[in-house]
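# Structural characterization, general
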Amino acid sequence: MSVEDTKPVELSLYKAHEKIYPREVKGRFQLKRKLAVWLLLGLFYVLPWITWGGEQAILFDLPQRRFHIFGITLWPQDFIFLALMLIIAAFSLFFFTALAGRLWCGYACPQTVWTEVFIWLEQWAEGNRNKRMKLDKGPWTREKIRRKFSKQFLWITFALWTGFTFVGFFTPIKELAMEIWQWTLGPWEMFWLLFYSFATYGNAGFLREQVCLYMCPYARFQSAMFDKETLIISYDEQRGEPRMRGKKRREVENPGDCIDCTMCVQVCPTGIDIRDGLQYECIACAACIDACDQVMEKSGMPKGLIKYTTENALVGKPTQILRPRTIIYFIILMTLVASFGVALVNRSAIDMNVIHDRNSFYRIVDANTIENVYTLKVMNKGKDTAKYKVHASGLDGLAVVLGLNETEIEAQPGQLVTIPIKIKADKSIANKKIHTIEVTVNKINSEDNDSAAEKVKYFGYDK
Ligand code: SF4
Ligand code: SF4
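These figures come from a predicted structure and were not determined experimentally. (Residues numbered from 1 in each chain as written. Chains lettered and ligands numbered in written order. Predicted model: local features only at pLDDT ≥ 70, side-chain atom pairs only at ≥ 80, totals over all residues.)

### Quick notes on the sheet that holds strand β15 (residues 434–443)
Pairing between the strands of a sheet is mediated by backbone hydrogen bonds and can be parallel or antiparallel. Note the cut-off: Two strands qualify as a pair provided that DSSP identifies no fewer than 2 bridges between them. For the purposes of this entry, the term helix denotes a DSSP run of H or I that reaches at least four residues, the term strand denotes a run of E that reaches at least two, and both are numbered from the N terminus. Lines are fitted to the C-alpha atoms to define the axes, a helix being fitted only along its stretch in contact, and any angle between axes, read from their N-to-C directions, falls within 0 to 180 degrees.
The strand order across the open sheet formed by four strands is β13-β11-β15-β16, and the pairing between neighbours is antiparallel. Either end of the sheet is taken by a strand with one partner, and the two such strands are β13 (409–411) and β16 (451–459). Sheet twist, expressed as the mean angle between neighbouring strand axes with direction ignored, is 30 degrees. In this sheet, β16 lies alongside β15 in antiparallel orientation, the contact comprising nine bridges. The residue bridging E438 from the neighbouring strand is K455, located in β16.

### As for the packing of helix α5 (residues 110–126) against helix α9 (residues 187–207)
In a packed pair of helices, the relevant descriptors are the angle between the two axes and the axis-to-axis distance. Definition in use: Convention used here: angles under 35 degrees read as roughly parallel, angles over 145 as roughly antiparallel, angles from 65 to 115 as roughly perpendicular, and any remaining angle as oblique. Note on contacts: each residue gets a C-beta atom placed from the backbone, and two residues are in contact if those atoms are within 7 Å. Under this grouping Gly is polar, as are all residues other than the nonpolar Ala, Val, Leu, Ile, Met, Phe, Trp, Tyr, Cys and Pro and the charged Asp, Glu, Lys and Arg.
Across the interface, α5 lies against α9 with an axial gap of 8 Å and an inter-helix angle of 75 degrees. In this view, α5 runs roughly perpendicular relative to α9, as classed from their interaxial angle. Residues Q111, W114, T115 and F118 of α5 form the contact with α9, whose participating residues are T200, N203, A204 and G205. Tallied by class, the residues present in the contact of α5 with α9 amount to three nonpolar, five polar and no charged.

### Some remarks on the sheet that holds strand β5 (residues 72–74)
Read from one edge to the other, the open sheet built from three strands follows the order β3-β4-β5, with strand pairing classed as antiparallel. Each edge of the sheet is formed by a strand with only one pairing partner; in this case those strands are β3 (58–61) and β5. Between one strand axis and the next, the sheet turns by 10 degrees as a mean value, whatever way the strands run. Relative to β5, strand β4 (residues 66–69) runs antiparallel, the two sharing three bridges. Following the sheet pairing, F67 is matched in β5 by L74.

### Observations concerning the domain arrangement of the protein
Heads up, the rule is: Just so you know, the domain bounds were taken from an automatic or database domain assignment.
We note that the domain assignment places domain 1 (17–347) and domain 2 (350–459) within the protein. A separation of 54 Å is found between the C-alpha centroids of domain 1 and domain 2. Contact residues are listed per partner, giving five residues for domain 1 and five residues for domain 2. In terms of residue class, the side of domain 1 that touches domain 2 is made up of one nonpolar, three polar and one charged.

### Some points on the site of ligand 2
To keep it simple, the criterion reads: Each residue receives a C-beta atom placed from its backbone. It is near a molecule or strand if this atom lies within 6 Å of it.
Every one of the 14 residues lining ligand 2 counts as a neighbour, but C268, I274, C282, C285 and C288 are closest to it. Class assignment of the residues belonging to the shell around ligand 2 gives a composition of 13 nonpolar, one polar and no charged.

### Points about the site of ligand 1
Near ligand 1 lie 16 residues; those nearest to it are C258, C261, M263, C264 and C292. Counting residues per element, the ones that place at least two in the shell around ligand 1 are α14 (263–266) and α15 (287–298). With three residues, the top contributor of residues to the shell around ligand 1 is α15. Grouping the amino acids of the shell around ligand 1 by side-chain chemistry returns eleven nonpolar, two polar and three charged.

### What to know about the pairing of strand β10 (residues 369–380)
Direction of pairing for strand β8 (residues 350–356) relative to β10: antiparallel, over a ladder of seven bridges. Counted as the bridge partner of I355 is T375 from β10. The pairing of strand β9 (residues 363–364) with β10 spans two bridges and is classified as antiparallel. From the neighbouring strand, R363 faces β10, where its bridge partner is E371. In the sheet, β10 pairs with strand β14 (residues 416–426) via eleven bridges, with the strands oriented antiparallel. Pairing of M379 across the sheet is with L416, part of β14.

Written out as structure tokens, the structure reads:
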């Protein structure tokens, strides 16, 4: 054994990032993705400009601690709705992943959607894949500076518009636009506008597929939701192999259908070769399906060498889209959506709380009457000033006395009114140690008949 043979070999664990230049491709799936981008980004950029009932349709007003969503105002007390929405989002992800794999990644994830637009802008400024590669390799000519500058200008403008729109969900967007116009933007609005613009620019312009490959947690755990019946994008190895191209192909008797043109690799935004099998880097964008279908069409072979399929279908087993897992997810999801809808429709704009006085169970008012004292807290979760009446039920002849003999309670929008109340009862009726009664708060200055009620203990005269 020579000295050279025993010399330690140095291996670098660091692999430098190689820029990916995805080739443009057209096809039925790319058309669907394009529509998804237009629809989702259209909603994002247009929604804050829509007015509903005289105010911004969607406004998350953090300083006032209220969210306006198409005429509904949610307060911190309505946290349950936010929690329900997050649970619904989580179950939707489980359901759609079990059913159709990484549908979310390919069509709806903000990272995918914004990256798509940044790639369009890049293509617009620098040209197609070959031109972009040539431009990057070439020297800094006037043409290269012009194209690079145009791309940066488009990217930065789009990122700033995105940051502005994002802040417009939290600050009335028309006022925000005026503040920018008059250079009177507040420090926090300025910070979040620039921060979100920078995040959009960095994620969609530079990091792109690296966010999916190295940062996204969903890419790591989504395999736990996959089974052999989940829809995946896969290369049909049995049909495609042995792959070969050109002269070699003509010399062989039964070549596989794959002509080894590498179009499927060139269009892939994450730079992988789908022919190597299912990989976590695949974001299911279906660009390789469209590219390969075009190649098959031109070569006079049937489409579908790369297609949506399932692991079972690939080995000739029947596929069951409806299976216990998807059915259970679907039932849970529908139950949650229905509960959310019902809770939202029946949501009261009154929040109330009744607390019994801790100092005495009851007080004797006169020979026939006792009273229990409570603290009543009423919050007006509506948009207008509200007036309320309070009454109690559960025992015959209960009489409610508000604070200093007021007849009603008035509360401004968002105001929490705290008021002592006395509930009087006849000794002979309230004759057990503990009764349960119900205190009801009724809104009286509108026709919506809004009310809220709470059951409380009533201590009786049992001597
Ligand atoms: S696009 Fe189709 S034919 Fe071309 S290399 Fe990919 S799988 Fe083979
Ligand atoms: S392998 Fe195909 S579906 Fe997966 S990311 Fe690449 S192009 Fe998209």
